[in-house]
Amino acid sequence: MIELFEVLKYIIENGIIVFTIFIFGSYSILAVFSALEIIQYIRKNSFIDYDVLLTSPFAPSISVIAPAFNEGKTIVDNIRSMLSLHYNNFEVIVVNDGSTDDSMEKIIKAFDLEKYSVVYDEKLQTKPIKAIYHSRNHAFSSLFVIDKENGGKADALNAGINLSAKDYVTIVDVDSVLVDKALLIMAKPFLEETSGKKVIATGGVIRIANSCTIEDGRLTQVKLPRKLLPKMQVIEYTRAFLMGRMAWSKLNGLLLISGAFGMFDRDVLIKSGGYRNDLVGEDMELIVRMRRYMAERKERYKVSYIPDPLCWTEVPAKLSVLVRQRDRWIRGTMESLFKHFRLFFNPKYKSLGMLGHPYWFFFEWLAPILEFLGIIYFIIIAILGFSNWPFFFLLLAVVYFFAITLSYWAILFEELTFHRYNKRREVLRMMLNALLEPIIYHPIVLFSSLRGNFKFFTGEKSWGKMERQGFTVDEEKKPKKSKVK
Amino acid sequence: MQPSLFQRAVGRTMHILCSKHFQKSILVAFFLIFFVGILKPASAEAIGTFSSMQSPTQVSISNSQNQVAAERVSFGDRLIFVHLNTLLEQFVEAKHRVKILIVILFVLIIGLIVLFVYIFLNRTQKTAKWSWEEKTRNLYQTELTNFLYSDEHQFFEFTGLDKAANRAIFIDELLWLHRNLLGESRIKIQDLYYNLHLYKDSKNKLNSPIWSVQAKGFRELAQVNVKDASNRIEKFTHSKNKILRIEAQLAMVKLKPENPLGFLNDLSYPLTEWEQINILNTMEAHNIAINSFEEWMDHTNETVACFAIKMCGAFNHIQSWPKVLELLDHESADIRFHAINTLAKFNFPENKEPLKLCFWKQVEDPQVKSKTFLSQKLIRNKLAILEALSNLVSAEDASFYTEVLKSPVEDFYVLKRAYVQLMQIEPAMSIEPTNPVSTQLQKLIDHYHPKTIAS
C-alpha cells in the first residue's frame, strides 16, 4: 500500500513539474514571438500614414455596431464619440436591446431621430425589432438605431449585423472609448490581404480606462487606476494583449477577439452563422466558428491583430463584479472548447487544431483546475507528514518569480512600444503591483475559474450583472470632463 | 539665436544620457558589480579558507596565511561565505530536479533584476531623449522661422549641424515645413536642404543595413525631389521587404514623372489595396498624370491589372473605354468587378447592353481555377452591375429586371436592387415571386415605398 502511495506521489509530483515546465516553456516561446512581432509592427507602423484612407475612394465601407442595455448614463456621449471617429465611409448602428431605463428617449431627443422604414435581409435570427430610427438631422445621417426586445448581447449584435450593408462590421461595447483613428487602423489589415489569403477578422487591444480622464467621450489623459483591482488588471491586460495575443497572431492561431472591440468581414461573419445567443462566451466562440468555417472550406485565411491601444474600457473595481466577470469568461472558454472539440489535435484544421485549441484546452482551461488539485494534494501530503518543505518552497519561489518575470516583460513591451503611462511613478507602481499580483490577484482569478467550472458543469448560464461606474460622473457639475472611478 | 553655455551643457548631458553607449556602460557596470559581489565569496581563497566551517561559530582557521586572509574579511562577508558554502554543498548533493529548479530560480532572479534596471534606464533614457529632442526641435523651429523671414540667407547659421543627431532633427523639421508650406517659402526650404548638403545625409541612409533607415531615406529624397537618387531607389521597388517596397514605389512615383508607374511592368509581388491607395494618394497629391493605364490591364499579376482598371476610373480615362469593356469577359471575377465599376463611372448609355449581358455571365465557371469566395464575388459583381445600370434605366429595361426577379438569384440584395429599379420604370407592374428568396421578396413587395427602398 505504501509502495503504491509512493508511486502515485512520484507520478503526481513529476506530472506537476512536467506541466509547469510546459507552461513556462509555452509562455516563454509566446513572449519571444510577441517580442519579434511587436518590434516588426512598431517599425513598420512608423511609415504608415493612416490618413490616406480618409480621402481615398478605395477605402472599404464599415458599419460600427454597438449593442446597449441600460446605458442611459453615458449613451449619448458614447454615440457622439462613435460618430466623430475619423473615417469617411462608415455608419453607426446602435442596438437598444430592450433597455428598461431612459436610454431610448435620450437617444431620440439628442439625435433628433424619427422612425425609419427599411426592408433588409434578416439572415440571422433575432428577437423582434420594435423600430428602426434614423436622424432628421443631416449631421447624424450615418447613425441608425435599432430598438428591439431584449435578447442579450449576441442577439443585439446579430440584429445590427442584419441591418448593416457595408463590407466590414466593427463590434464595439457602447461604453468603451475608441481613439479617433481606431477604424482607420483596424481597416488596414483587410486592405493588405493578398490573393488567396482572406483576412476574416481583426482584433484590437483593450486598455483600462479606470481613473483616466474622458472629455466628450474621448480619452484625453491616461492614468494608472487608483484602485487595487483595476491596477492589477492593467498588468494582466498588458500581459494578455501585448504578449499572448500578439504571439498568437504571429502564429495565426488567435482564438479570441475581445467582444469589446473587433472588426469582421461581414460575409464570413454571416456565412458562419453570426453570434450564438445561447452562450455566455459568444465572442470567442464566434472566432473559433469563423476559423472552422474557413478551414472546412479549405480557404486560406488570417485573423489579424493590432497592438495599438485603440479601445479603452472600464474594468471591474469591485471584487464581486470581477469574480462574476471572470467566472463568465471561463465558462465562455469552456463552451468554445467543448463545442468545437472536434478541432482538438485535428491536423485538418492546421494551426487551429494542432496549436490553438490544445493550447487553450491545457493552459487556459485545465491549468487552474490542475493548480487547485495541486494545492489539495499538497495539503493532504502535508497533513500526512510526507511533505518535502524545502522542495515546496523552492517550487513556489520558481513559480512566483516566473510570474513576475512575465509581468515585467509585458511592462517592458509597453515601455518600448506605446508607452501610455508616461510618469515614472506609474511605471514603478506597475512593477510593484506585479510583485503583489501573484499573491493578491491570482487567487481571485483562480477562485473565479473554479466557480466558472462548477457553474459550467452544473449547467448555469447566467451572464452576471456587470456594474459600471460610467465615464460621466457628476454630470451636472462637470458635464464636459469626467473621470472613471 | 545661439544657445547659452548652460543650455549647451544640458544638451550635451542629455545627449550622453541618451546614447546607447552610456546605457550599455551602465548595464555592464551593473553586471560587474553584481557578479563580483556574488562571486567574490565563491573564490578559491574564500572557499579554501572556510571549507571546514559548518556555522559562523565553528570558524577555525588552520594556518597563518589564511588568518591574514580572514582578518581582511568582515563579519558580514564571513556570514555570506559560510552560507554560500553551505548552499553550494547542499546544491551538489541535491537531486537533479532540485538542481534544475535552483538554476531556474537563479536565472529568473537575475533576469528580473536586469529587467527592472533596464525598464528604469530605458525610461530615463527616453525621458532625457525626448526632452533633448523637444529642445532641439524648438530651437530649429525658431531658427528656421527666422531664416524664412530673413533676407540674408547666405549668412544664416544654424546651431550644431556638425552633429549627426542634430542634423537628423533639423532634416525632420525642414521636411515638415516643406510639406506644409507652399510657394516661395517652400522653394527656400528646398534650397536650404541642397545648400546645406543635407541630401548627402539622406543618400547615406540608402546604404544603411537597417531597412527602416533606408525607407526613411527614400521618403526624404522623394519629398525634396532629389531626382538623381531615383536610380538607386528603383531596385527597391521589387524588394522582399514590404515596407521598403512600398516606400520605394511611392518615391519612384514622385521622382520619375516621365514613367511614374514603370515599376509595375515586372512587379511579381501582389499590389495590395493598401499599396494601391497610397499610390493613388501620392499621384493626386503631386498632380502626377498618366496618359493611359491600358498597358497594365492585361498584366499577369492580377492585382496590377485590377489597379490599372481602378485608376482608369479614378482618373476618368474615357479613351480606355473599349479596353475596359473587353474586360467584362475576363475570366477573373475580380477583374470583371473593377471593369464594371469603372464603366459605372464612365456612365455611357452604350454600357447598358454589355452590362446586362455580363450580369447573366456571373456564374461559376468550372474552368476557373481560383474558387476563393467565388459565389460571393459573383453576387458582388451582380450588385455592381445593377448599381452601374441604375443611372441608365429606361422603359425598355423592364423585361431585364423582370427576368432577374424570376431567375434563381439567391441573394436578397440583388433582388432588392432589381425590384427598386423595376419600380422606377414600371411602378404598376406586379411580380410573382418564384425564386428561393421569395419570402424576402414578398416582404419587399409588401413594404415597397420609394423612400424605404432607396435606402
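Criteria and thresholds
In this numbering scheme, every chain counts its residues from 1 along its sequence in written order. For naming, the first written chain is A and the first written ligand is 1, with later ones following in the order written. Local features in this predicted model are restricted to residues of pLDDT 70 or higher, and side-chain atom pairs are both shown and tallied only at a pLDDT of 80 or more, whereas totals for entire chains, interfaces and linings draw on every residue. The basis for every side-chain value is the complete set of heavy atoms in the structure, and neither hydrogens nor water enter the calculation. Going along the chain from the N terminus, every DSSP run of H or I of four or more residues is numbered as a helix, and every run of E of two or more is numbered as a strand. Atoms counted for the radius of gyration: C-alpha only. Globule rule: 2.2 Å times residue count to the power 0.38. Exposure categories follow from relative accessible area, calculated using a 1.4 Å probe and restricted to protein chains: below 20% of the type maximum is buried, above 50% is exposed, and the middle band is partly exposed. Contacts are assigned to residue pairs with any non-hydrogen atoms lying within 4.5 Å of each other. Counting rule for charge: Lys and Arg are taken as positive, Asp and Glu as negative, and neither His nor the chain ends is counted. Throughout, a charge is located at the NZ atom of Lys, the CZ atom of Arg, the CG atom of Asp or the CD atom of Glu. Note on areas: these come from Shrake-Rupley sampling with a 1.4 Å probe, and a residue is covered only by the protein chains present in the view. To pair, rings of Phe, Tyr and Trp, with the six-membered ring standing in for Trp, must have centres within 6.5 Å; the planes then decide the type, stacked if under 30 degrees apart, edge-to-face if over 60, and tilted in the middle. Note on criteria: charge over ring means Lys NZ or Arg CZ within 6 Å of the ring centre, with the direction from the centre no more than 35 degrees off the ring normal. Pairing between strands requires that DSSP locate at least two bridges from one strand to the other. Put simply, buried Ala, Val, Leu, Ile, Met, Phe, Trp, Tyr and Cys residues joined by side-chain atoms within 4.5 Å make one nonpolar core. Patch rule: a residue counts if its relative accessible area is over 30% and it has no salt bridge; like charges are joined within 9 Å, and nonpolar side chains (Val, Leu, Ile, Met, Phe, Trp, Tyr) within 5 Å. Salt bridges, as used here, are contacts in which a Lys or Arg side-chain nitrogen is within 4 Å of a carboxyl oxygen on Asp or Glu. Every definition here rests on a 1 Å grid over the protein atoms only: cavities are sets of points where a 1.4 Å probe fits but cannot get out, pockets are open sets enclosed by protein on both sides within 12 Å along at least five of seven lines, and lining residues have some atom within 4 Å of a point. Grid points are joined across faces, edges and corners, and a volume is the space filled by probe spheres set on the points. Axes, fitted as lines to C-alpha atoms, cover a helix only where it is in contact. Angles between the N-to-C directions of the axes lie from 0 to 180 degrees. Should an angle lie under 35 degrees it is considered roughly parallel, over 145 roughly antiparallel, and from 65 to 115 roughly perpendicular; all remaining angles are considered oblique. In a left-handed crossing the near helix is turned counterclockwise from the far helix by less than a right angle, and in a right-handed crossing that turn is clockwise. Three categories are distinguished: nonpolar for Ala, Val, Leu, Ile, Met, Phe, Trp, Tyr, Cys and Pro, charged for Asp, Glu, Lys and Arg, and polar for the others, with Gly belonging to the last. Throughout this description, a polar contact denotes any pair of N or O atoms lying within 3.5 Å of each other; where both atoms belong to protein, one of them has to be capable of donating a hydrogen while the other can accept it, and for residues adjacent in sequence the pair is counted only when both atoms sit in side chains. Confidence scores here are pLDDT values: one per residue, from the predictor, ranging 0 to 100. For the purposes of this analysis, a disulfide is any pair of cysteine sulfur atoms at a distance within 2.5 Å.

1. With respect to the overall build of chain A
When helices and strands are counted, chain A shows 13 helices and 13 strands. A compact globule built from 485 residues would reach a C-alpha radius of gyration of about 23 Å, and chain A, at 23 Å, matches this within 12%. By the burial criterion, 60% of the 485 residues in chain A qualify as buried. Sequence separation of at least 24 residues holds for 79% of the intrachain contacts in chain A that already meet a minimum separation of 6. Placing the 63 positive and 52 negative side-chain charges of chain A at their respective mean positions leaves the two points 3 Å apart.

2. Details of the overall build of chain B
What chain B contains, in helices and strands, is 22 helices and zero strands. Expressed as a percentage of the 455 residues in chain B, the buried residues total 46%. Taking as baseline every contact in chain B between residues at least 6 positions apart, the subset at least 24 positions apart corresponds to 66%. On chain B, roughly 24,000 Å² of surface is accessible, and the fraction owed to carbon and sulfur atoms is 58%.

3. A closer look at the side chain of Arg123(B)
Locating Arg123(B) in the fold gives a position in helix H6 (residues 96-148). The contact partners of Arg123(B), leaving out residues within four places of it in the chain, are Glu415(A), His419(A), Tyr421(A), Asn422(A), Lys423(A), Arg424(A) and Val427(A).

4. Concerning the packing of aromatic side chains
In total, this model carries 47 aromatic pairs over all chains according to the counting rule given. Linked through ring pairs, Phe338(A), Phe341(A), Phe344(A), Phe345(A), Phe361(A), Phe362(A), Trp365(A), Phe456(A) and Phe457(A) together constitute an aromatic cluster. Cation over ring: Lys310(B) sits above Phe58(A), and NZ or CZ is 4.6 Å from the ring centre. The cationic tip of Arg380(B) hangs over the ring face of Phe337(B); the distance from NZ or CZ to the ring centre is 4.0 Å.

5. Comments concerning the pairing of strand E12 (residues 301-313) of chain A
Residues and elements named next belong to chain A. Counting buried positions over the 13 residues of E12 gives twelve, a clear majority of the element. Here strand E8 (residues 198-208) pairs with E12 via nine bridges, running parallel. When the bridges of E12 are listed, Ile 208 appears paired with Thr 313.

6. Some thoughts on the nonpolar core
Grouped together as the largest cluster of nonpolar side chains are 257 residues, with contacts concentrated most on Leu143(A), Phe264(A), Ile233(B) and Leu261(B). Membership of the second largest hydrophobic core comes to seven residues, among which are Leu229(A), Met232(A), Val323(A) and Ile444(A).

7. Some points on the environment of Lys123(A)
Topologically, Lys123(A) is positioned in the loop between strand E3 (113-115) and strand E4 (129-135). With residues up to four places along the chain from it excluded, the contact list for Lys123(A) reads Asn162(A), Ile270(A) and Asp411(B).

8. Let's talk about a positive patch on the surface
A surface patch of positive charge is lined by Lys298(A), Arg300(A), Arg342(A), Lys348(A) and Lys350(A). With respect to the secondary-structure elements, Lys298(A) resides in the loop between helix H9 (282-296) and E12.

9. Some remarks on empty space enclosed by the protein
One pass over the full model with this rule turns up six cavities of 30 Å³ or more. Of the volumes computed, that of the largest cavity is approximately 70 Å³. Taken together, Phe47(A), Ile48(A), Asp49(A), Arg219(B), Ile243(B), Ile246(B), Glu247(B), Leu250(B), Trp274(B) and Asn278(B) make up the full set of residues lining the largest cavity. Of all the secondary structure elements, the ones that give two or more residues to the lining of the largest cavity are helix H12 (242-255) and helix H13 (273-285) of chain B.

10. Some thoughts on the packing of H9(A) against helix H10 (residues 319-339) of chain A
Residues and elements named next belong to chain A. At their nearest, the axes of H9 and H10 sit 8 Å apart, and the two run at 25 degrees to each other. With respect to H10, the element H9 is oriented roughly parallel. Relative to H10, H9 is oriented so that their crossing is right-handed. Along the contact surface, H9 presents Met 284, Glu 285, Val 288 and Arg 292, while H10 presents Thr 333, Ser 336 and Lys 339. Class assignment for the residues of the contact of H9 with H10 results in two nonpolar, two polar and three charged.

11. Some words on the side chain of Ser164(A)
Residue and element names in this part refer to chain A. As for its position among the elements, Ser 164 is in the loop between helix H5 (153-163) and strand E6 (168-172). At 2.9 Å, the side chain of Ser 164 forms a polar contact with the side chain of Ser 63. Apart from the residues within four sequence positions on either side, Ser 164 is in contact with Ser 63, Ile 65, Glu 91, Ile 93, Val 169 and Arg 266.

12. A short note on the interface of chain B and chain A
Listed per partner, the contact involves 54 residues of chain B and 62 residues of chain A. Summed over the shared surface of chain B and chain A, the number is three salt bridges. The partner of Lys123(A) in a salt bridge is Asp411(B), with the nearest N and O atoms 3.8 Å apart. Our count for the contact surface shared by chain B and chain A stands at eleven residue pairs in polar contact (both at pLDDT 80 or more). Contributing elements (two or more residues each) for the side of chain B that touches chain A: H6, helix H10 (211-223), H12, H13, helix H14 (302-314), helix H20 (412-425), helix H21 (438-446) and helix H22 (450-454) of chain B.

13. Examining the sheet that holds strand E7 (residues 177-178) of chain A
Across a sheet, paired strands are connected by hydrogen bonds in the backbone, their directions being either parallel or antiparallel. Residue and element names in this part refer to chain A. Overall, mixed pairing links the ten strands, which are arranged E3-E4-E5-E2-E1-E6-E11-E8-E12-E7 in an open sheet. Every interior strand has two partners, whereas the edge strands, E3 and E7, have only one. The sheet contact formed by E3 and E4 spans three bridges and is antiparallel. Within E4, the residue paired with Lys 115 across the bridge is Tyr 133. Its contacts with the sheet place helix H3 (residues 75-83) against strand E1 (62-68), strand E2 (90-97) and strand E5 (143-148), and it is angled at close to 160 degrees to E2.

14. Topic: the confidence of the model for chain B
All names here are of chain B. Predicted confidence across chain B gives a mean pLDDT of 80, with 73% of residues reaching 70 or more. Ignoring residues within four places in sequence, the model shows residues 37-62, a span with pLDDT below 50, making 35 contacts including any to other chains. Confidence drops under a pLDDT of 50 for residues 451-455, and excluding neighbours within four residues, the segment shows twelve contacts in the predicted structure. Scored as a complex, the prediction yields pTM 0.83 and ipTM 0.87.

15. Notes on the state of the cysteines
On inspection of all chains with the given rule, the structure shows zero disulfides over all chains. Not engaged in a disulfide, the cysteine Cys212(A) finds its nearest cysteine sulfur in Cys311(A); these two sulfurs lie 12 Å apart. In this structure Cys212(A) comes out as buried when scored by relative accessible area, which is 0%. The closest cysteine sulfur to the non-disulfide-bonded Cys306(B) is located on Cys312(B), 13 Å from its own sulfur. Taking relative accessible area as the criterion, Cys306(B) reaches 7% and is therefore assigned buried.

16. Some thoughts on unusual backbone geometry
All names here are of chain A. Even without being glycine, Phe 345 reaches a positive phi, approximately 50 degrees. Along the chain, Phe 345 falls in the loop between H10 and helix H11 (350-384). Classification of Phe 345 as partly exposed rests on a relative accessible area of 42%.

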